[in-house]
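Coordinate analysis (summary)
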Amino acid sequence: MTGLTTHILDTSSGQPANQVPIKLYSLNENGTRQLLTETRSNDDGRTDAPLLSSDAIAVGRYELVFEMGAYFKQHHPNLPSPLFLDDIVLRFGIADVTSHYHVPLLVSPYGYSTYRGS
C-alpha cells in the first residue's frame, strides 16, 4: 500500500478525535502552498479515504493542518481562552513514492507529537 494517511488520538482522553477538519497542502519551492484536499476525521479519528492515493503521491514537501480548536472547546470545555493550541501544523517530506506514509497526531490541549507510522 502506498499513499498518505493520518489519524488523530486525543491522549488526554485516550479516544480518537472525531470531526476535526484536516487540510493537506503541497509546499512549492518558492514558499507558497497549494491546497490538495480538505476532509474531516471520522469516529475512529481517521479519514474515510487516504489523503493522497498511490496515484497522487509525489516526492515533495507537504503541510498538514489539523484544526483542533473547535474539538478542544467541545471535548474540554473548561479550557481557558484563548486556547494554548488551536491549529496544529505539521510539515514533512515525502521522498519515496513507493512507500506508505502515515502521519498520526497524538494531541492534548497542551501538547502534541507525531511520527512516521506504518
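Just above sits the structure.
Let me begin by describing the structure that accompanies this report. Just so we're clear, the structure is a prediction, and the values are computed from it rather than from any experiment.

**Considerations on the sheet that holds strand β5 (residues 33–40)**
Whenever strands of a sheet pair, they do so through backbone hydrogen bonds, lying parallel or antiparallel. If you walk across this open sheet you meet the four strands as β5-β4-β6-β7, and the pairing is antiparallel. Of all the strands in the sheet, the pair left with one neighbour each is β5 and β7 (87–94). Here the strands of the sheet are splayed against their neighbours by 20° on average, with no regard to which way each runs. Inspection of the sheet shows strand β6 (residues 60–67) paired to β7 by eight bridges, in the antiparallel sense. Bridging from a neighbouring strand, Arg61 pairs with Gly93 of β7.

**Topic: the nonpolar core**
Ranked by internal contacts, the top residues of the largest apolar core, which has 25 residues, are Ile8, Leu64, Phe66 and Met68. Secondary structure elements with two or more residues in this core: β4 (21–27), β6, α1 (69–75), β7 and β9 (105–108). For this core, the leading source of residues is β7, giving four residues. Met68 has contacts with Ile8, Ala17, Val20, Asp86, Asp87, Ile88, Leu105 and Val107, leaving out every residue within four places of it along the chain.

**Some points on the environment of Ile8**
With respect to the helices and strands, Ile8 occurs in strand β2 (residues 8–10). The spacing of Ile8 and Leu105 is 97 residues in sequence and 4.8 Å in space, taken between C-alpha atoms. Once you skip the residues sitting within four places of it in the chain, Ile8 turns out to touch Pro16, Ala17, Val20, Ile22, Ser41, Gly45, Phe66, Met68, Leu105 and Val107.

**Focus on the side chain of His76**
Summarising the element assignment, His76 is placed in the loop between α1 and β7. At a separation of 3.3 Å, a polar atom in the side chain of His76 contacts the side chain of Ser12. If near-sequence neighbours (up to four positions away) are discounted, His76 is found in contact with Asp10, Ser12, Tyr71 and Pro109.

**Overview of the packing of aromatic side chains**
For the structure on display, the rule yields three aromatic pairs. When the ring of Tyr62 is compared with that of Phe92, the centres are 6.0 Å apart and the planes differ by 20°; the resulting orientation is stacked. Within this pair, whereas Tyr62 is found in strand β6, its partner Phe92 is found in strand β7, the two being separated by 30 residues in sequence. Its relative accessible area of 5% is what places Tyr62 among the buried residues. A ring pair is formed by Phe84 and Tyr110, whose centres lie 5.9 Å apart and whose planes are at 35°; its orientation type is tilted. You can see Phe84 sitting in the loop between α1 and β7 and its partner Tyr110 sitting in the loop between β9 and β10 (111–114), a full 26 residues away along the chain. On the basis of relative accessibility, which here comes to 53%, the residue Tyr110 falls in the exposed class. Seen from the ring of Tyr25, Arg33 lies directly overhead, with NZ or CZ sitting 3.8 Å from the centre.

What counts and what doesn't
- Residues numbered from 1 in each chain as written.
- Predicted model: local features only at pLDDT ≥ 70, side-chain atom pairs only at ≥ 80, totals over all residues.
- Heavy atoms only, no water.
- Pairing = 2+ DSSP bridges.
- Helix = DSSP H or I, 4+ residues; strand = E, 2+ residues; numbered from the N terminus.
- Axes fitted to C-alpha atoms, helices over the stretch in contact; angles between N-to-C directions.
- Core = buried A, V, L, I, M, F, W, Y, C linked by side-chain atoms within 4.5 Å.
- Buried < 20%, exposed > 50% of the residue type's maximum accessible area, 1.4 Å probe, protein only.
- Contact = heavy atoms within 4.5 Å.
- Polar contact = N/O pair within 3.5 Å; in protein donor to acceptor, adjacent residues only side chain to side chain.
- Phe/Tyr/Trp six-rings, centres within 6.5 Å; stacked < 30°, edge-to-face > 60°.
- Lys NZ or Arg CZ within 6 Å of the ring centre and 35° of its normal.

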